[in-house]
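The lines below spell out each chain.
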Amino acid sequence: MTDLFFRKATRADLLAIVAMLADDSLGAAREDFSDPLPAVYLEAFAALDRDPNQLLAVVEAGGRIVGTLQLSFIPGLSRRGAWRGLIESVRIASGFRGQRLGEQMIRWAVEQCRERGCKLVQLTTDKSRVDAHRFYDRLGFAASHIGYKLDLA
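No experiment lies behind these values; they were computed from the predicted model shown.

Draft legend 1. The arrangement of the overall build of the protein in detail. Within the protein, the regular secondary structure consists of six helices and five strands. Order of helices (α) and strands (β) in the protein, N terminus to C terminus: β-α-α-α-β-β-α-β-α-β-α. Scaling as 2.2 N^0.38, a compact globule of 153 residues should have a C-alpha radius of gyration of about 15 Å, and the protein matches this with 16 Å. Counting only C-alpha atoms and orienting by the principal axes, one finds that the protein spans roughly 45 × 35 × 30 Å. Counting the 153 residues in the protein, one finds 37% classified as buried. Contacts spanning at least 24 positions in sequence make up 59% of the contacts within the protein whose residues lie at least 6 apart. Side chains of the protein carry 21 positive and 19 negative charges; the gap between the two charge centres is 7 Å.

Quick look at the structure:
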């Protein structure tokens with residue numbers, strides 16, 4: 001797949017983004033893909049959109065949204081004041097999986113981090129996503145840390 005267009009997401013993209021977030025066994029259990037979308041998604045989008053250290057991106061092919069991811073640019077003191085890029089919520093529309101779109105998306109995200117001066121790019125992936133682990137290994141990411149999450153919901 002070569003004719004891809006990467007851009008900042010707009011509010012009009014939300015339905016397509018949430019559809020991708022909900023389109024697997026983990027996402028189906030934690031997302032609410034109803035029409036109209038619940039207000040919490042609109043509020044979250046507004047917060048992301050006004051924060052210069054957040055980039056919610058979509059990928060288009062043939063005028064259709066086929067992928068999404070979120071980048072967070074995080075300042076820090078460690079590593080000599082290095083900025084970090086955090087890649088989250090990587091999703092590809094089900095009809096476009098298996099075409100190396102994910103690879104192009106991650107390479108694009110890493111380049112965005114470089115352009116912002118990040119010295120490190122990090123991400124987490126659910127332990128059950130074994131295929132994703134192989135994917136990130138293949139792209140040069142190292143499973144160097146153990147991540148923990150505390151659900152406050």
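So that's the structure; there's more coming.
Draft legend 2. Region of interest: the pairing of strand 5 (residues 118-123). Relative to strand 5, strand 4 (residues 83-92) runs parallel, the two sharing five bridges. Across the sheet, residue Arg84 finds its bridge partner in strand 5, namely Leu120. Running through helix 5 (residues 101-115), the crossover from strand 4 to the neighbouring parallel element strand 5 is right-handed.

Draft legend 3. Region of interest: the sheet that holds strand 1 (residues 4-8). With mixed pairing, five strands are arranged side by side in an open sheet as 1-2-3-4-5. Unpaired on one side and paired on the other, strand 1 and strand 5 mark the two borders of the sheet. Neighbour to neighbour, the strand axes of the sheet diverge by 25 degrees on average, direction disregarded. Relative to strand 4, strand 3 (residues 64-74) runs antiparallel, the two sharing seven bridges. Note on strand 4: the bridge partner recorded for Gly67 is Ile92.

Draft legend 4. Layout of the pattern of salt bridges. Counted according to the given criterion, the structure contains 10 salt bridges. As a salt-bridge pair, Glu103 and Arg100 come within 2.8 Å of each other at their nearest N and O atoms. Exposure remark for Glu103: the relative accessible area of 14% places this residue in the buried category. Arg107 is paired through a salt bridge with Glu103; the nearest N and O atoms lie 3.2 Å apart. Taken together, the residues span about one helical turn, with Arg107 and Glu103 both in helix 5 at a distance of four residues. Connected through salt bridges with shared partners, the residues Arg100, Glu103, Arg107 and Arg138 form a single ionic network.

Draft legend 5. View of the packing of helix 5 against helix 6 (residues 130-138). Across the interface, helix 5 lies against helix 6 with an axial gap of 11 Å and an inter-helix angle of 55 degrees. The pairing of helix 5 with helix 6 is recorded here as oblique in orientation. Between helix 5 and helix 6 the crossing geometry is right-handed. Together, Gly102, Glu103 and Ile106 of helix 5 and Phe135, Tyr136 and Arg138 of helix 6 make up the contact between the two elements. Residues of the contact of helix 5 with helix 6, tallied by class, amount to three nonpolar, one polar and two charged.

Draft legend 6. Highlighting the environment of Leu101. Relative to the assigned elements, Leu101 resides in helix 5. A relative accessible area of 1% places Leu101 in the buried class. Along the sequence, Leu101 and Ala39 sit 62 residues apart, while their C-alpha atoms lie 30 Å from each other.

Criteria and cut-off values
Residues numbered from 1 in each chain as written. Predicted model: local features only at pLDDT ≥ 70, side-chain atom pairs only at ≥ 80, totals over all residues. Heavy atoms only, no water. Helix = DSSP H or I, 4+ residues; strand = E, 2+ residues; numbered from the N terminus. Rg over C-alpha atoms; globule rule 2.2 N^0.38 Å. Buried < 20%, exposed > 50% of the residue type's maximum accessible area, 1.4 Å probe, protein only. Contact = heavy atoms within 4.5 Å. Lys, Arg positive; Asp, Glu negative; His and termini not counted. Charge placed at Lys NZ, Arg CZ, Asp CG, Glu CD. Pairing = 2+ DSSP bridges. Right-handed = clockwise from strand over helix to strand, strands pointing away. Axes fitted to C-alpha atoms, helices over the stretch in contact; angles between N-to-C directions. Salt bridge = Lys/Arg side-chain N within 4 Å of Asp/Glu carboxyl O. Parallel < 35°, antiparallel > 145°, perpendicular 65-115°, else oblique. Left-handed = near helix turned anticlockwise from the far one by under 90°. Nonpolar A, V, L, I, M, F, W, Y, C, P; charged D, E, K, R; others polar.

Just geometry here; none of it tells us what the structure is for.
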